[in-house]
Amino acid sequence: MIEAVTLRQLRYLVSVADTLHFGRAAERCHVSQPSLSAQIQQLEDVLGVQLVERTQRRVLLTPAGRDAVARARRILGEMSDLAAAARSAAAPLGGELRLGAIPTLAPYYLPRVLPDLRRDHPDLKLFLREDLTGRLLDSLKAGALDAVLLALPVDEPGLEHAAVFDEPFAVALPAGHPLAARPVLTERDLGGERLLLLEEGHCFRDQALAVCRRTGGPDRDGFSGTSLATLCEMVAGRIGVTLLPELARARAPEGVETRPFAEPRPTRRIGLAWRKGSPRGAELQQLAAYLRRHLPDGVTAAE
């Protein structure tokens, strides 16, 4: 029975579990929906149990399906590690490396570091994916990614990480805002301001809220944005103020002024995470060390 189960079927099952939607799962797997549905049906026939509950309105995993998905993630991760071990043995920091990064980091950090990385390691072929922390970690545990750049700490079993750098926060203000007259700001200066936040699911939202709790409580009235760029446009429209990671300050649009916090500045720690026991663990430690040695202006190496 087990020999009849294919890795393709397991990938399709995991994709359905991640999306709870056959159409989106098929798009993620780059196949037609009928093909994906047929493979899931074949997997159920082979295992002799229903894995997915299908209705006109929604898709749900059965208890057996949830167990099968957990096992599928482990199997796919092991297969990914098998291929990674062979690549790593052939050429450390060479071959394919599937790297994920969170949206508040990827567009501001990666363009600054990748040219040097590609110059110094020309045999390394990076495949990049930008997504929210939760989905990146799911992909990492499933073996779809080799490593993820994200904000620490990572409270997930089965993962290892190495700290790379500490990034301070800054305040984004509408041009001409009274606080823009000050060279630096304190957290309490934001008390009473309308603070704009990212949507749920962004780890930077939680970090900004942690700063809020130390300010005496800025107003938060439901405004939120899908990205830092969206928040900055809302600031330019004088809807409120927001916080930015230091590396994003240079991309602030016209109509937005940024100011640093006074010392000690609130910061976030960025690190590289991978699966515990990954055959590329030593290689990824090398990558983290390389990134610590090649930092853009505005951040400091993590100790």
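Structure first, text after, so check above.
Enquirer: How would you explain the overall build of the protein chain if you had to name every residue and give the values?
Expert: Secondary structure summary: the protein chain contains 9 helices and 12 strands in total. Along the three orthogonal principal directions, the C-alpha set of the protein chain runs to about 70 × 50 × 30 Å. Here the protein chain holds 303 residues, and 49% of them are scored as buried. Within the protein chain, contacts between residues separated by at least 24 positions form 74% of all contacts whose residues are at least 6 apart in sequence. Accessible area of the protein chain: about 14,800 Å², with a carbon and sulfur share of 51%.

Enquirer: Account for helix H8 (residues 228-236), with residues named and values stated.
Expert: Among the residues of H8, those classed as buried are Leu 228, Leu 231, Cys 232, Met 234 and Val 235. Projected onto a plane normal to the axis of H8, the buried residues spread over an arc of 160° and lie on a single side. Positive backbone phi, approximately 65°, marks Arg 238, located one or two places after H8.

Enquirer: Quick rundown of the pattern of salt bridges? Include the residues and the values.
Expert: Pairing is possible between side chains of opposite charge, provided their charged atoms come close. Within this structure, the stated rule accounts for 18 salt bridges. Several salt bridges share partner residues, and in doing so they unite Arg 98, Asp 146, Arg 280 and Glu 283 into one network.

Enquirer: How would you explain the environment of Ala 17 if you had to name every residue and give the values?
Expert: When you line up the elements, Ala 17 lands in helix H1 (residues 7-19). Overall, the relative accessible area of 16% leaves Ala 17 in the buried class. Along the primary structure Ala 17 and Gly 225 are separated by 208 residues, whereas in three dimensions their C-alpha atoms are 27 Å apart.

Enquirer: How would you sum up the side chain of Arg 205? Please name residues and give values.
Expert: With respect to the secondary-structure elements, Arg 205 resides in helix H7 (residues 203-212). Within polar-contact distance, the side chain of Arg 205 engages the backbone oxygen of Leu 198 at 2.6 Å. Setting aside anything within four residues of it in sequence, one finds Arg 205 in contact with Leu 197, Leu 198, Glu 199, Glu 200 and Ser 224.

Enquirer: Lay out the environment of Arg 57 in plain terms, naming residues and giving numbers.
Expert: Along the chain, the position of Arg 57 falls in the loop between strand E1 (52-54) and strand E2 (59-61). According to the relative accessible area criterion, Arg 57 is exposed, its value standing at 84%. Along the sequence, Arg 57 and Tyr 290 sit 233 residues apart, while their C-alpha atoms lie 48 Å from each other.

Enquirer: Give me the lowdown on the pairing of strand E10 (residues 256-260), citing residues and values where you can.
Expert: Where burial is concerned, most of E10 is hidden: 4 out of the 5 residues are buried. Pairing geometry for strand E6 (residues 159-174) and E10, over 5 bridges, is antiparallel. The partner of Ala 172 across the bridge, within E10, is Thr 258.

Enquirer: Would you mind going over a nonpolar patch on the surface in detail, with residue names and values included?
Expert: On the surface, Ile 75, Met 79 and Leu 82 cluster together into a nonpolar patch covering about 270 Å² of accessible area. Of note, Ile 75 is situated in helix H4 (residues 63-90).

Enquirer: A description of the packing of aromatic side chains should follow, citing residues and the corresponding values.
Expert: Throughout the structure, instances matching the rule amount to 2 aromatic pairs. Ring centres 5.0 Å apart and planes at 50° place the aromatic pair Tyr 109 and Phe 165 in the tilted group. With Tyr 109 in helix H5 (residues 106-120) and Phe 165 in strand E6, the pair connects residues that are 56 residues apart, well separated along the chain. Judged on exposure class, the residue Tyr 109 and its partner Phe 165 are both buried. Plain terms: the ring middles of Phe 169 and Phe 204 are 5.1 Å apart, the flat faces sit at 80° to each other, and that makes the pair edge-to-face. Of the two residues, Phe 169 sits in strand E6 while Phe 204 sits in helix H7, which places them 35 residues apart along the sequence.

About the cut-offs
Residues numbered from 1 in each chain as written. Predicted model: local features only at pLDDT ≥ 70, side-chain atom pairs only at ≥ 80, totals over all residues. Heavy atoms only, no water. Helix = DSSP H or I, 4+ residues; strand = E, 2+ residues; numbered from the N terminus. Buried < 20%, exposed > 50% of the residue type's maximum accessible area, 1.4 Å probe, protein only. Contact = heavy atoms within 4.5 Å. Areas by Shrake-Rupley, 256 points an atom, 1.4 Å probe, with all protein chains shown as cover. Arc of directions from axis to C-beta. Salt bridge = Lys/Arg side-chain N within 4 Å of Asp/Glu carboxyl O. Polar contact = N/O pair within 3.5 Å; in protein donor to acceptor, adjacent residues only side chain to side chain. Pairing = 2+ DSSP bridges. Patch = residues over 30% accessible without salt bridge, like charges linked within 9 Å, V, L, I, M, F, W, Y side chains within 5 Å. Phe/Tyr/Trp six-rings, centres within 6.5 Å; stacked < 30°, edge-to-face > 60°.

Spatial relationships are all this shows, so hold off on functional conclusions.
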